[in-house]
Structures are given as C-alpha cells and as structure tokens.
Amino acid sequence: MNEFMERQVKLTWHEPKASYDVVIVGGGGHGLSTAYHLATRHGITNVAVLERKYIGGGNSGRNTTVIRANYGIPEAVRFYQRSVELYQRLEEETGRWIMHERKGLLWLAHTEAGVRAERARARVNTAFGAETLFVTPGEIKEIAPEVDLTGGGQWPVLGGSYHPQGATARHDRVNWALAEGAMERGVHIHQRTAVTDLLKEGDRVTGVMTDKGPIHAGAVVSAVGGHVTALGRMAGLRLPIRTHPLQAFVTNHYALDFHPIVASMSLLFYASQTARGEMLIGAEIDPQPSYSYRSGHHFLQSCAFRAMTLLPFLRRLRILRQWTGVCDMSPDYSPIMGKTGVENFYITTGWGTWGFKAIPAGGEQMAELIATGETPELIAPFALDRFARDRTLADRGSAGTH
Amino acid sequence: MSLIIPCPHCGARPVQEFVYGEIPVVPDDLTDPDARDVDRAFMRANPEGPTVERWFHAYGCRRWLTLERDTHNDEIFSAE
C-alpha cells in the first residue's frame, strides 16, 4: 500500500440517537479499535463512540508510534505479539495506508545487570512467540552503525536485544483507518460530546449523560485516556491510576536513512526516524502527577544530552518541535482491561506509555469481551481485580520510559 | 513543563531534585480491612485540581515538604 493507492477518508457524521447497544467513551485508538472490531468481527454496529474533543486528539496523536512485543513477562509478550501481527495486517484489512514500516528495535544495555536482563528478555520473548535475539556490540554496530559503542566514554554498550518485528506506523492514519472502517459499517462517532455522568439503575450502568443529553446503552466501555479516574468515580470505582505527563520531540530532517528504532535501558530514551526524515525522540515520564500539557526546556536539555551520548550524529540536528501527552500509569506498568465489577461497565485503561502498540489487539479483545460477555483468555490476566487478588503483572523494565 | 518547587529551606528548585510522595486517603466507607489494605497500596485519588502532596528534597536539604498544587495547570499555592 502507498500514497498512489489512496482515496479520500470517508467519515460520515450523525446526530446522537437516544440509545445504542454499546457506548464507548473516548475516541482515541482504543475506543475506535473496539468499535471497529465490534462491527467487523461480531456484527455489532449499533455502537456510538463519544469523544470530548476530536478523534485521535489525545495520546493516540501524541505518542511516539513504536510497535513492538519485546516485553518481559509471558502474559504481556503474548498480548503485544498479537497486536504486532494485527498491525502487520491492518493495511490490507482496512484498505488504508497507515505507513506501517518494519524497522527492527534495538535495546541497548550498559551494565552487566542490563545484559542479563536483555538475555532473559530474548528467552522469554522467544518462548512466548515474539522474535527477539540477544546481540553483541559487534552485531549492534552492524544493525545501527550510528551508535557510539563507547557511549561517550561513560555508557559503554555491552550488549542488547534486537526485536526484528519492531515497527512504526503513522498514528493519525491508524485512528482514521479504524474510524472509517467502523463508520462504513454503521457505527456512530460523536465528536465534541463530553460525558458528564453515568446513568445507573442500582449497581447497573444503563447509559451516559452527555453535554448533549442522555444516551442509553446496553454496555458502556471506558476507553478514556488521562481522565479515566473521573469516569471511574462516576461508576463508583477507585482506580489504581496516576496521571503523569510524558514529553517527546522531533528534530529537523536528517538527510541519511536511520533505519532501526534504538532505545537505551540506562539512559532512558528511544529514537527513530519518521517518514519525513525527522528524528523522533522520547524519554521517561515527568515525576509529578499532572494533567498539564505544557512542555518544558529541562526535558529537552536532559533528553537531548542522553540521546547524543549514544547517537553522536544527533548533535548536528536542531529541535523542531516538542509536545506532551498525559499517561495513565498503573502501579505495575501493565494495562488494565476487562470487567469492572459494575454491571455493563467495561474498562480499558492503564495504557501509560505503551498504548499505541496495543491498539488493534486491545480493541479486538475488548470487542470480544463485550460481544460474548466472557473475558478472552488473552486479556484475563490484565483484569482490574488483579490488585486485590495479589496477581500484579510487574513489568517496569519493559515500559522503556521509567 | 519542568515544575519548579519552592523549597522553604533551599529556595526554588527543579522537580528533578525531589521525590514524590502521595498522601494516600482511603475512603471512610471502605470498612473491610483487606479492602482497605488493597486501596491503600494500589488505588489513587488522582485528582484533577488543587491537591495536597508531600515531596522529599532528595538532592537538596533532604527534608520532606508539604506542597499545595493544582494538577490541572501545575500552579503552586503553598509549600511548607
């Protein structure tokens, strides 16, 4: 698929109806993907997606577009590998060019402990279906000759893991492809429609109150990013979520081809090249919980310094623009998906800094849960009640951002 | 934005010098002791608006301070 095969995106807008079978709150990647999979996999098209601003305007349009499955625990590897495979088929399936490009992802280790962690990652990934290889400094130099193996003299590269299926895609196009696919089949998407409360009968959720009036629903799905705590409170739930800002930036055009995605476990940054040739660089979340979208100079300075340590060619580039998203961080750095204990109210949250790569699988599994009423085996470990059951899925080292 | 915290002992310092400490508030209507433990360990109020929080000045005076901050726009009202 390419730009010569493109046609105009066809989005048809409707007036809100009084009731739907399913109402999805949040018109980001996960909300749109859930609607898309409900329509395509289960024939459920009496669905509305409610978006406070415009579709894909939250973190779905603010992330750094990395798609990978090299996680550290079996449950996560299986889930994200499913997502990686769905992404590889998404262009064919939707007929939309999402600019999916397989790049290969390098995770560099700078300490003996880091090398052990990457060896373990390669083993776990291989055992549970994701292809990841342990690589020596010599092999790293072959994959990414731009990397300074001495790490500026301070952060020598001792080894790493290489994930050949690591990829990127254009985030807006993913949102539009899913929105169009859902709309074609009759799903309604309502932009600038904010949910102000949930309609309840006893312990059962029966719909949502919006600033345009009440909408009744057989099932309500929260696919909210950032403000999920407020929506959870409306349902009477306390959520293990803290909202932190995450910043990223792009440089001006780099004239040469920089193919892989490079990340460093110790220096906490990751870099890839966009289709426009810009170098896209992101790092860790801000330390303070906040809903503020303001970017700052301190982040640019420290992140650029760390990135230049390993990729010295970056020092010749200039920063073009920066932006901020707000991330729902869960205590164990794994997402939360599934039933909530409140009848008819489903949740997909805790997408912290790893939400974009999970859009197809997250939507597919949530759609199956809503259509069948049974939690699919793939996402059962990610249920909200895992915290009370002492079954947390700690995988901080795989978030790449902390 | 990089948050600047006005430490009462050291003056205005960037947030990177501090360690965040949430004040966990378990709702009173939660009475089951196990449920209270789970809530205290994992659940977050995560307010959007003015909130009171604790910060430890790890790379400064190494004292705890109490900060009143609006999480909507990072405006700081008081630090002591």
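Residues numbered from 1 in each chain as written. Chains lettered and ligands numbered in written order. Predicted model: local features only at pLDDT ≥ 70, side-chain atom pairs only at ≥ 80, totals over all residues. Heavy atoms only, no water.

Chemist: Describe in detail the interface of chain B and chain A, supporting the description with residues and values.
Modeler: Residue-level contacts link 25 residues of chain B with 25 residues of chain A. The tally of links between chain B and chain A comes to two salt bridges. Viewed at the interface, chain A and chain B are joined by 15 residue pairs in polar contact (both at pLDDT 80 or more). In terms of residue count, the dominant contributor to the side of chain B that touches chain A is helix 1 (residues 33–42) of chain B (three residues). For the side of chain B that touches chain A, the per-class residue count stands at 13 nonpolar, six polar and six charged. (Contact = heavy atoms within 4.5 Å. Salt bridge = Lys/Arg side-chain N within 4 Å of Asp/Glu carboxyl O. Polar contact = N/O pair within 3.5 Å; in protein donor to acceptor, adjacent residues only side chain to side chain. Helix = DSSP H or I, 4+ residues; strand = E, 2+ residues; numbered from the N terminus. Nonpolar A, V, L, I, M, F, W, Y, C, P; charged D, E, K, R; others polar.)

Chemist: Please give an account of helix 7 (residues 297–310) of chain A that cites residues and values.
Modeler: Residues and elements named next belong to chain A. The end-to-end C-alpha separation of helix 7 is 21 Å, in line with the 20 Å expected for 14 residues at 1.5 Å each. Those residues of helix 7 not exposed but buried are Phe-299, Leu-300, Cys-303, Ala-304, Arg-306, Ala-307, Thr-309 and Leu-310. Along its buried surface, helix 7 packs onto strand 5 (105–109), strand 13 (242–253), strand 14 (261–264), strand 15 (269–273), strand 16 (278–285) and strand 17 (319–329). (Expected span 1.5 Å × (residues − 1). Buried < 20%, exposed > 50% of the residue type's maximum accessible area, 1.4 Å probe, protein only.)

Chemist: How would you summarise the nonpolar core if you had to cite specific residues and measurements?
Modeler: Residue and element names in this part refer to chain A. With 65 residues, the main nonpolar core has Ile-24, Phe-79, Tyr-80 and Val-174 as its most contacted residues. The element best represented in this core is helix 2 (residues 74–94), accounting for eight residues. The two domains that each donate at least three residues to this core are domain 1 (15–63 + 171–241 + 331–401) and domain 2 (102–166 + 242–329). Ignoring sequence-local partners within four residues, the contact set of Phe-79 consists of Met-337, Trp-351, Ala-358, Ala-361, Gly-362, Gln-365, Leu-378, Ile-379 and Phe-382. (Core = buried A, V, L, I, M, F, W, Y, C linked by side-chain atoms within 4.5 Å. Domains from an automatic or database assignment.)

Chemist: Give me the packing of helix 1 (residues 29–42) of chain A against helix 5 (residues 171–184) of chain A: which residues, what numbers.
Modeler: Residue and element names in this part refer to chain A. Where helix 1 contacts helix 5, the two axes come as close as 8 Å, and the packing angle between them is 30 degrees. Between helix 1 and helix 5 the crossing geometry is left-handed. Residue-level contacts link Gly-29, Leu-32, Ser-33, Ala-35 and Tyr-36 of helix 1 to Asn-175, Leu-178, Ala-179, Gly-181 and Ala-182 of helix 5. Considering only residue class, the contact of helix 1 with helix 5 consists of six nonpolar, four polar and no charged. (Axes fitted to C-alpha atoms, helices over the stretch in contact; angles between N-to-C directions. Left-handed = near helix turned anticlockwise from the far one by under 90°.)

Chemist: So what's going on with the sheet that holds strand 6 (residues 75–79) of chain B? Which residues, and what values?
Modeler: Residue and element names in this part refer to chain B. Read from one edge to the other, the open sheet built from four strands follows the order 3-4-5-6, with strand pairing classed as antiparallel. Of all strands in the sheet, those with a lone pairing partner are strand 3 (19–21) and strand 6, marking the two edges. The sheet shows a mean angle of 40 degrees between the axes of neighbouring strands, direction not considered. (Pairing = 2+ DSSP bridges.)

Chemist: Go over the pairing of strand 5 of chain A with me, naming the residues and quoting the values.
Modeler: All names here are of chain A. For strand 5, the buried fraction is high: five of the five residues fall into the buried class. Burial along strand 5 is two-sided: Leu-105, Trp-107 and Ala-109 facing one way and Leu-106 and Leu-108 facing the other are all buried. Note: strand 5 against strand 7 (residues 159–163), five bridges, orientation antiparallel. In the sheet register, Trp-107 faces strand 7, and the bridge partner there is Ser-161. Pairing of strand 5 with strand 14 involves four bridges; the strand directions are parallel. By the bridge assignment for strand 14, Trp-107 is matched with Ala-263.

Chemist: Please provide a residue-by-residue account of the packing of aromatic side chains, values included.
Modeler: Under the defined criterion, the tally for this structure stands at 13 aromatic pairs over all chains. Ring centres 5.2 Å apart and planes at 35 degrees place the aromatic pair Phe56(B) and Trp64(B) in the tilted group. On the basis of relative accessibility, which here comes to 43%, the residue Trp64(B) falls in the partly exposed class. An aromatic cluster of at least three residues, connected via ring pairs, comprises Tyr71(A), Phe79(A), Tyr80(A), Trp351(A) and Phe382(A). A cation over an aromatic ring shows up here: Arg62(A) above the ring of Tyr293(A), its NZ or CZ 4.2 Å from the ring centre. Over the aromatic face of Phe134(A) sits the side chain of Arg119(A), whose NZ or CZ is 4.2 Å from the ring centroid. (Phe/Tyr/Trp six-rings, centres within 6.5 Å; stacked < 30°, edge-to-face > 60°. Lys NZ or Arg CZ within 6 Å of the ring centre and 35° of its normal.)

Chemist: Before we move on, can you summarise the environment of Ala177(A) with the specific residues and values?
Modeler: Residues and elements named next belong to chain A. By secondary structure assignment, the location of Ala-177 is in helix 5. Overall, Ala-177 belongs to the buried group, its relative accessible area being 1%. When the C-alpha positions of Ala-177 and Leu-90 are compared, they lie 8.7 Å apart, and in sequence the two are 87 residues distant. Setting aside chain neighbours within four positions, we find Ala-177 in contact with Thr-94, Arg-96 and Ile-98.

Chemist: Could you give an account of the domain arrangement of chain A, with specific residues and numbers?
Modeler: Residues and elements named next belong to chain A. For chain A, the assigned domains read domain 1 (15–63 + 171–241 + 331–401) and domain 2 (102–166 + 242–329). If you average the C-alpha positions of domain 1 and of domain 2, the two centres end up 29 Å apart. Buried area between domain 1 and domain 2, summed over both chains or domains, comes out near 1600 Å², and the portion from carbon and sulfur atoms is 54%. For the pair domain 1 and domain 2, the number of links is zero salt bridges. In this assembly, domain 1 and domain 2 are joined by eight residue pairs in polar contact (both at pLDDT 80 or more). Taken together, the residues that form the side of domain 1 that touches domain 2 break down as eight nonpolar, 14 polar and one charged. (Buried area = accessible area lost by both parts, 1.4 Å probe.)

Chemist: Got a sec to walk through helix 3 (residues 112–127) of chain A? Specific residues and values, please.
Modeler: Residue and element names in this part refer to chain A. Its 16 residues give helix 3 an end-to-end C-alpha distance of 23 Å, which sits within 8% of 22 Å, the value for a rise of 1.5 Å per residue. Inspection of helix 3 places Gly-114, Val-115, Glu-118, Arg-121, Ala-122 and Asn-125 among the buried residues, and these make up the whole buried set. End-on view of helix 3: buried residues confined to an arc of 115 degrees, all on one side of the axis. In helix 3, those exposed residues whose orientation departs by more than 90 degrees from the buried face are Glu-112, Arg-116, Arg-123 and Ala-127. Downstream of helix 3 by a residue or two, Gly-129 has a phi angle that is positive, lying close to 100 degrees. (Arc of directions from axis to C-beta.)

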